[in-house]
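# Structure assessment
For reference, the chains in residue letters:
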Amino acid sequence: MSELSKIIKERRSIRNFKPDQVPKVLLDQIIEAGLYAANGRGKQAPVIIAVTNKDIRDQIADENRRIGGWDTGFDPFYGAPAILIVIAEKSVPTGIYDGSLSLGNMMLKAHELGLGSIWIHRAKEEFDSDFGRNILDKIGLDGDYEGIGHLAVGYADCELPDPPARREGRVFYL
Ligand SMILES: Cc1cc2nc3c(=O)[nH]c(=O)nc-3n(C[C@H](O)[C@H](O)[C@H](O)COP(=O)(O)O)c2cc1C
């Protein structure tokens, strides 16, 4: 099996992370993989916000928990110390597709580097609110952005789960 096939098949969503921070040199490689994803009309719409500051990371986790309707104390990022948020300008019609591909690339790259990751949802609600607008203000980004997803990244504190069998009947040839 090629290295790429192995990475694609072995990558799994991780739901238990060690608190150790991911070195920036590794995060940068993951981000680069996201930036190199295919994108509609070559517009390179996706923007990636790397959050490693614990206070800000915890505020985002708490907002995500609140949006998801979970009780205080639940961490929707499962303890991951780094969060890569993908957003795209709403004016780009393929922005959500482009951002999703970036997230896919980043998950594979994280796995290749021996890191765990998981896509965490509810970025749309986050960036449609003042909470998200404050994040954009903090980084000095103007404009109307759609939240696409968060990639929680860190060192897995669990065994890598086996891939479930693929559901049948999902491929058709004409
Ligand atoms: C669009 C999308 C949103 C997701 N949102 C969440 C989430 O909010 N919380 C979570 O625990 N997992 C989330 N996941 C992870 C999925 O549950 C996971 O990918 C799925 O169960 C398949 O497992 P695998 O990634 O290990 O193959 C999300 C995945 C995708 C693609």
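In this report, we go over the structure that sits alongside the text. Quick caveat, the model's predicted, so the values are computed rather than measured.

Summed over all chains, the structure comprises two aromatic pairs. The interplanar angle of 45° and the centroid separation of 5.0 Å between the aromatic rings of Trp-70 and Phe-74 together place this pair among those described as tilted. With relative accessibility at 34%, the residue Trp-70 sits in the partly exposed group. Given a relative accessible area of 32%, Phe-74 falls into the partly exposed group. Taken together, a centroid distance of 6.2 Å and an interplanar angle of 85° make the contact between Phe-74 and Tyr-78 edge-to-face.

Lining the immediate environment of the ligand, one finds Arg-11, Arg-12, Ser-13, Arg-15, Tyr-78, Ile-118, Trp-119, Ile-120, His-121 and Arg-122. Between an oxygen atom of the ligand and a side-chain N or O atom of Arg-12, the distance comes to 2.8 Å. A distance of 2.9 Å separates an oxygen atom of the ligand from a polar atom in the side chain of Arg-122. Protein burial of the ligand: of its 620 Å² of free accessible surface, 61% is covered by the chains. A class-by-class count of the residues in the shell around the ligand yields four nonpolar, two polar and four charged.

Within the secondary structure, His-111 is located in helix H4 (residues 95–112). We classify His-111 as buried; its relative accessible area is 16%. Each C-alpha atom of the pair His-111 and Gly-154 lies 10 Å from the other, and the pair is 43 residues apart in sequence. Look past the residues within four positions of His-111 in its chain and what remains in contact with it is Ile-7, Glu-10, Arg-11 and Leu-160.

Listed as buried for helix H6 (residues 130–139) are Gly-132, Ile-135 and Leu-136. Projected down its long axis, H6 shows its buried positions confined to an angular sector of 95°, all on one face. Opposite the packed face of H6, turned more than 90 degrees from it, sit the exposed residues Asp-130, Asp-137 and Lys-138. Contacts from the buried residues of H6 go to strand E1 (47–51), helix H3 (54–68), strand E2 (82–89), helix H5 (123–127) and strand E4 (145–154).

Here we come to the packing of H3 against H6. Two numbers describe how H3 lies on H6: the axes approach to 11 Å, and their chain directions differ by 160°. Judged on the interaxial angle alone, H6 and H3 are roughly antiparallel. Seen from above, H3 lies across H6 with left-handed handedness. Contacts between H3 and H6 pair Ile-56, Gln-59, Ile-60 and Glu-63 from the former with Phe-131, Ile-135 and Lys-138 from the latter.

Analysis parameters
- Residues numbered from 1 in each chain as written.
- Predicted model: local features only at pLDDT ≥ 70, side-chain atom pairs only at ≥ 80, totals over all residues.
- Heavy atoms only, no water.
- Phe/Tyr/Trp six-rings, centres within 6.5 Å; stacked < 30°, edge-to-face > 60°.
- Buried < 20%, exposed > 50% of the residue type's maximum accessible area, 1.4 Å probe, protein only.
- Near = heavy atom within 4 Å.
- Polar contact = N/O pair within 3.5 Å; in protein donor to acceptor, adjacent residues only side chain to side chain.
- Areas by Shrake-Rupley, 256 points an atom, 1.4 Å probe, with all protein chains shown as cover.
- Nonpolar A, V, L, I, M, F, W, Y, C, P; charged D, E, K, R; others polar.
- Helix = DSSP H or I, 4+ residues; strand = E, 2+ residues; numbered from the N terminus.
- Contact = heavy atoms within 4.5 Å.
- Arc of directions from axis to C-beta.
- Axes fitted to C-alpha atoms, helices over the stretch in contact; angles between N-to-C directions.
- Parallel < 35°, antiparallel > 145°, perpendicular 65-115°, else oblique.
- Left-handed = near helix turned anticlockwise from the far one by under 90°.

That's the geometry; what it means functionally is another story.
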